[in-house]
Number of protein chains: 2
Amino acid sequence: MNAAKVAIIGFGTIGSGVAKILLESGKRLGRHAGRPIELVRIVDTDLVRPRNVAVPRELLTSDLGTVLNDPEIVAAVELIGGLEPARSIVLKLLASGKNVVTANKALLAEHGQELFGRSIAFEASVGGGIPIIAAIGQSLTANQVLSIHGILNGTSNFILTQMEEHNAEYSSAVAEAQRLGYAEANPAMDVNGSDAAQKLAILAHLAFGAQVDWKAIPRVGIDTVDVSDLRYARELGYSIKLLAIAELASDGLELHVSPTLVRHGTPLAEVRGAYNAIRVVGDAVGRVFFHGLGAGQMPTASAVVADLIDTIVGRAAITFRALELWSDRGEAAVTLRDPAKSAGRYYLRFNVQDSPGVLAQIAGILGKHAISIASVIQHETEEEADGVVPLVIMTHKAPEGAMSQAMAAIDRLPFVHPTSVRMRVRD
Amino acid sequence: MNAAKVAIIGFGTIGSGVAKILLESGKRLGRHAGRPIELVRIVDTDLVRPRNVAVPRELLTSDLGTVLNDPEIVAAVELIGGLEPARSIVLKLLASGKNVVTANKALLAEHGQELFGRSIAFEASVGGGIPIIAAIGQSLTANQVLSIHGILNGTSNFILTQMEEHNAEYSSAVAEAQRLGYAEANPAMDVNGSDAAQKLAILAHLAFGAQVDWKAIPRVGIDTVDVSDLRYARELGYSIKLLAIAELASDGLELHVSPTLVRHGTPLAEVRGAYNAIRVVGDAVGRVFFHGLGAGQMPTASAVVADLIDTIVGRAAITFRALELWSDRGEAAVTLRDPAKSAGRYYLRFNVQDSPGVLAQIAGILGKHAISIASVIQHETEEEADGVVPLVIMTHKAPEGAMSQAMAAIDRLPFVHPTSVRMRVRD
């Protein structure tokens, strides 16, 4: 049978990984695809920078037209990243009749409306090598998904693990992540929760048909987490993870990204370093948990090449159609739930003047808002500076609204210094 | 669009679960399938036994012919289990042009040759609700799979967890599993490793193209594990799990099922109760880990209904063809590796007469076979009976062949009483 001709657009780290698999594992891929897969073009603006894969020079070009105008190319992999020129290029590829495979979560989260349901496969956009898109879009379709809890940003998880295991300050953990290549020079999108929110928007679309602007998802990043919070959390039996959460309640879908305390011994708490993990709860299947490398050259390339094979055998096209039906389902859009209506347990840390009656007053305000206290940590501590000491409180379940009011009242107390910390707890 | 008509053959626990999803979640399923799915027949020999789902009486029949001879039925779900009459019925369904969905691992492990590559989907046959068949058969196809480590039998894992957490004897843990419905009246296939070996044969076929008779897979069950081994393992920092292992080495594929020590803190060690888990290592993706309910009515029904949707949209048919190509790949069949050539760390327990020089002689024999000792546990113990005490040794890495010879020599020592225990250790 004729070979399936494919092209790579964007010859960076992931592009090199995809080229490596296509050039070095041709025989195995051909078996899975039913015919050989032939890499015929690699398009990039920089053709001289060294890459860790040897490709025949004649494949390289800076002219996208050689792909758009070649009717024999059936699929193109977009690995440029970011919004532009990636978006224009993907739209041109689709317009010229190419199937597109992409790892570009920013593009999908921002322009999903014009892309979902078209001939575009995107397993690599969330969870790297973890097949979470296939799981939710295909394997769990018998279920009403009830919740998704994900550690979707490997950079943040690496930094939190460094802080937890080595008692490292946030800034030095970031520096270590940068040194090892887990964080970019400007890690803002990773550490402020934006990257995780983009991925959550994609998962929420697949699992709930929710068409959500990722920028509307409430998010707090790990740049708010102090190393002392990791120590107190451990003392209480918890780790802190940046969780991206989608939960279906009777009054709507709740979406948020934030540092969250997860109990030791649960699978999410045990996810260390640059790994990602996703826990999905379905009404029939119960709890299913996925764990693997969420980024990196070869794990991401693994997902991209699987999408290429799916595209070539025609399986991807069937999934696109289903996605389109899902989007156009003509029902009321999923309502996003008012976060103030949610309820949960909270971890609180206040910086207080070390004087009599402080705990009583803070506990009094919590009590007035019907919030009861599960544990308190106040140590005699050498951390004390100018008579200010940390006071840590873990609450029982309380409504978010009441919690916000109580926090505001506590922050107005004269002996409470900035900045108070509040995180959700998941048991 | 016309509804896709389907039938259920076998109206037991799983069949009732499948009927429940089809009858109660029709709207959601129809969105995923692109058209309504209509359950038109349920075939069983017993039509009066009560089930936990209300089905219209006219669906029920004991006549398989009503399915075989109805050209409008596009897919049938075989949930009879076991070899016969399940095999004959599946062959008849295929011959009459029906697509078949099955959860029957025994049938696939025994008669895979005549079934793989035909129009048969079997996600539910391994790992219950965990989408491991889709993961290996589709999502990880860019990879050369290097190894699979699975906790594939929930009954065994439940029993081991009971023994570990409640210090329960094997027999009372089995009784508890039976009381709770996790073990059948005759749990032999579960506890002797046969069920896990059948599932491993299916995974090995998918991941390596290996056509293996499951009965040829070396297997040891949990019926050989004493509660004291769980205690000693914990003391050494390990849990004991029934692992089904496929490992690709340069000289072939090694397959076996046996109770194995897995280090605390690793994902497999944390799998408790009736859960299943599978760790797959691929050359590109690295380590991917899946965890979920491996049995039970609704988790299994979740996988069956996902297969039904895949069949109706035509995605399953594409996967069958790929499977067929995989089987007919015209290469030398994968060689099964001689287990004597493998190497690993071992946990050993001997029952020895409590007298001077015993440890020295046993250590001497191990040394003579170039096996070095990592840890020893010999307690002053109230377990002592007739002067016989347990001696536990954890070795460094040693070849299986040398280990077998050393064990035989040790067992011939006059002060060593039956029965010595040997288990592999995975770090």
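Definitions and cut-offs
Residues numbered from 1 in each chain as written. Chains lettered and ligands numbered in written order. Predicted model: local features only at pLDDT ≥ 70, side-chain atom pairs only at ≥ 80, totals over all residues. Heavy atoms only, no water. Axes fitted to C-alpha atoms, helices over the stretch in contact; angles between N-to-C directions. Helix = DSSP H or I, 4+ residues; strand = E, 2+ residues; numbered from the N terminus. Parallel < 35°, antiparallel > 145°, perpendicular 65-115°, else oblique. Left-handed = near helix turned anticlockwise from the far one by under 90°. Contact = heavy atoms within 4.5 Å. Nonpolar A, V, L, I, M, F, W, Y, C, P; charged D, E, K, R; others polar. pLDDT = per-residue confidence, 0-100. Least-squares fit on C-alpha atoms with pLDDT ≥ 70 in both. Salt bridge = Lys/Arg side-chain N within 4 Å of Asp/Glu carboxyl O. Buried < 20%, exposed > 50% of the residue type's maximum accessible area, 1.4 Å probe, protein only. Pairing = 2+ DSSP bridges. Core = buried A, V, L, I, M, F, W, Y, C linked by side-chain atoms within 4.5 Å. 1 Å grid on protein atoms, 1.4 Å probe; cavity = no way out; pocket = protein on both sides within 12 Å on 5 of 7 lines; lining within 4 Å. Points joined across faces, edges and corners; volume = space filled by probe spheres on them. Buried area = accessible area lost by both parts, 1.4 Å probe. Polar contact = N/O pair within 3.5 Å; in protein donor to acceptor, adjacent residues only side chain to side chain.

Undergrad: Please clarify how the packing of helix H6 (residues 132-139) of chain B against helix H10 (residues 194-208) of chain B should be interpreted in this entry.
TA: The angle between the axes and the distance between the axes are what describe a pair of packed helices. Residue and element names in this part refer to chain B. One can describe the packing of H6 onto H10 by two numbers: an axis separation of 9 Å at closest approach and a directional angle of 20 degrees. Taken together, the axes of H6 and H10 are roughly parallel relative to one another. Helix-helix and strand crossings are classified by hand; for H6 and H10 the assignment is left-handed. Contacts between H6 and H10 involve Ile132, Ile133 and Ile136 from the first element and Ile202, Leu203, Leu206 and Ala207 from the second. Among the residues making up the contact of H6 with H10, the classes are represented as seven nonpolar, no polar and no charged.

Undergrad: How do you make sense of the confidence of the model for chain A when you look at a structure like this?
TA: The predicted coordinates of low-pLDDT regions are not to be read in fine detail. Per-residue pLDDT for chain A has a mean of 92; in total, 96% of the residues score no lower than 70. Both confidence scores are given for the complex: pTM 0.94, ipTM 0.94.

Undergrad: I would appreciate a short explanation of the relation of the copies chain A and chain B in the present structure.
TA: For these two chain copies, the linking operation is a rotation about an axis paired with a shift along it. Take chain A, turn it by 180 degrees, move it 0.0 Å along the axis, and it overlays chain B with an RMSD of 0.0 Å. What the superposition gives is, in effect, a two-fold axis relating one chain to the other. In terms of proximity to the rotation axis, the leading residue of chain A is Phe290 of chain A, whose C-alpha is 2.4 Å off the axis. A share of 100% of the interface residues of chain A reappears at the interface of chain B, consistent with the copies meeting face to face through the same patch.

Undergrad: I tried to follow the pattern of salt bridges on my own but got confused; where do I start?
TA: Once their charged atoms are close, side chains differing in charge can pair, the charge on each being opposite to the other. Scanning the entire structure with this criterion turns up 44 salt bridges over all chains. For Arg315 of chain A, the salt bridge is made with Asp310 of chain A, and the minimal N-O distance between the two is 2.5 Å. For the pair shown, Arg315 of chain A and Asp310 of chain A are each scored as buried. Two residues, Arg337 of chain B and Glu254 of chain B, come together in a salt bridge whose shortest N-O distance is 3.0 Å. Here Arg337 of chain B, found in the loop between helix H13 (315-327) and strand E12 (343-353), pairs with Glu254 of chain B, found in strand E9 (residues 252-263); they are 83 residues apart in sequence, far enough to count as distant. You can call Glu254 of chain B buried: its relative accessible area is 3%. By sharing partners, the salt bridges in this structure join Glu84, Arg87 and Glu114 of chain A into a single network.

Undergrad: Whenever I open this one, unusual backbone geometry confuses me. Can you help?
TA: A negative phi holds for most residues other than glycine; trans holds for most peptide bonds. For the bond from Glu84 of chain A to Pro85 of chain A, the omega torsion is 10 degrees, close enough to zero to count as cis. With respect to the helices, strands and loops of the structure, Pro85 of chain A is situated in the loop between strand E4 (73-78) and helix H4 (86-95). The residue after Pro418 of chain B, namely Thr419 of chain B, is reached through a cis peptide bond having omega -5 degrees. Structurally, the position occupied by Thr419 of chain B is in strand E16 (residues 416-426). Even without glycine at this site, Asn167 of chain A takes up a positive phi of about 50 degrees. Under the relative-accessibility criterion, Asn167 of chain A is labelled partly exposed at 45%.

Undergrad: When you look at the sheet that holds strand E3 (residues 60-61) of chain B in this model, what are you seeing that I'm missing?
TA: The strands making up a sheet are joined through hydrogen bonds of the backbone, oriented either antiparallel or parallel. Taken in spatial order, the six strands line up as E3-E2-E1-E4-E5-E6 (chain B) in an open sheet, and their pairing is parallel. Edge positions in the sheet fall to E3 and strand E6 (120-121) of chain B, since each has one partner strand and no second.

Undergrad: Honestly, the nonpolar core in this entry has me stumped. Any pointers?
TA: Grouped together as the largest cluster of nonpolar side chains are 167 residues, with contacts concentrated most on Ile132 of chain A together with Ile132 of chain B. Excluding residues that lie within four positions of it along the chain, Ile132 of chain B makes contacts with Glu123, Val126, Leu203, Ile278, Val280 and Phe290 of chain B. Ile21 of chain A together with Leu59, Leu308 and Ile309 of chain B belong to the second largest nonpolar core, which has 76 residues in total.

Undergrad: When you look at the layout of surface pockets in this model, what are you seeing that I'm missing?
TA: Over the atoms rolls a probe the size of a water molecule, and its path tells where empty space is left. Residue and element names in this part refer to chain B. Considered as a void within the structure, the second largest pocket measures approximately 1,200 Å³ in volume. Forming the boundary of the second largest pocket are 45 residues, of which Ile14, Lys105, Glu184, Ala295 and Gly296 lie nearest the centre. Contributions of two or more residues to the lining of the second largest pocket are made by helix H1 (13-24), helix H5 (105-115), helix H7 (154-166), helix H9 (188-191), H10 and helix H12 (297-313). Its residues assigned to classes, the lining of the second largest pocket comprises 17 nonpolar, 22 polar and six charged.

Undergrad: Honestly, the interface of chain A and chain B in this entry has me stumped. Any pointers?
TA: Accessible area lost upon the coming together of the parts serves often as the stated size of an interface. Contact with chain A, which involves 46 residues of that partner, is made by 46 residues of chain B. A buried area of about 4,400 Å², summed over both sides, lies between chain A and chain B, and 56% of it is on carbon and sulfur atoms. For chain A, the biggest contributors to the area lost against chain B are Arg31, His32 and Arg315 of chain A; these three give 15% of the whole. Counting across the interface, chain A meets chain B through zero salt bridges. Counting across the chain A and chain B interface gives 15 residue pairs in polar contact (both at pLDDT 80 or more). Elements with a contribution of two residues or more to the side of chain A that touches chain B: helix H2 (26-33), helix H6 (132-139), strand E11 (286-293), helix H12 (297-313) and helix H13 (315-327) of chain A. For the side of chain A that touches chain B, the element with the highest residue contribution is H12 of chain A, accounting for eight residues.

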